[in-house]
Amino acid sequence: MNETITFTQVKSGIGSPEAIRATLVGLGLTKMYKTVTRKNTPELRGMLHKVQHLVKMED
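Residues numbered from 1 in each chain as written. Predicted model: local features only at pLDDT ≥ 70, side-chain atom pairs only at ≥ 80, totals over all residues. Heavy atoms only, no water.

Thoughts on the overall build of the protein
So, step 1. Within the protein, the regular secondary structure consists of 2 helices and 3 strands.
So, step 2. For 59 residues, the compact-globule estimate of 2.2 N^0.38 gives 10 Å, and the C-alpha radius of gyration of the protein, at 11 Å, lies within 12% of that figure.
So, step 3. Summarising its shape, the C-alpha atoms of the protein cover approximately 35 × 20 × 15 Å along the three principal directions.
So, step 4. Per-residue burial for the protein yields a buried fraction of 34% across its 59 residues.
So, step 5. The long-range fraction of contacts in the protein, counting pairs at least 24 apart against all pairs at least 6 apart in sequence, stands at 71%. (Helix = DSSP H or I, 4+ residues; strand = E, 2+ residues; numbered from the N terminus. Rg over C-alpha atoms; globule rule 2.2 N^0.38 Å. Buried < 20%, exposed > 50% of the residue type's maximum accessible area, 1.4 Å probe, protein only. Contact = heavy atoms within 4.5 Å.)

Pasting the structure below:
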């Protein structure tokens, strides 16, 4: 398993439930096409799974 994972927000969270928008903020995604690199943990993977329709992941 890679030590880090990079992900980019490619769709807007507008119109999504509050929990989805809060997850995006928790991931550090506050704007469209913002790219973030984080340590690959099970907690992070769970958050990314919840918003997988809004982000693009790169290992």
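Let's talk about the sheet that holds strand S1 (residues 4–9)
So, step 1. With antiparallel pairing, 3 strands are arranged side by side in an open sheet as S2-S1-S3. Strands with a single pairing partner mark the edges of an open sheet, and in this sheet they are strand S2 (35–39) and strand S3 (55–58). Neighbour-to-neighbour, the strand axes of this sheet turn through a mean angle of 25°, independent of strand direction.
So, step 2. Relative to S3, S1 runs antiparallel, the two sharing 4 bridges. Across the sheet, the residue bridging to Thr8 is Lys56, located in S3. (Pairing = 2+ DSSP bridges. Axes fitted to C-alpha atoms, helices over the stretch in contact; angles between N-to-C directions.)

Note that all results are geometric; they support no functional claim without further evidence.
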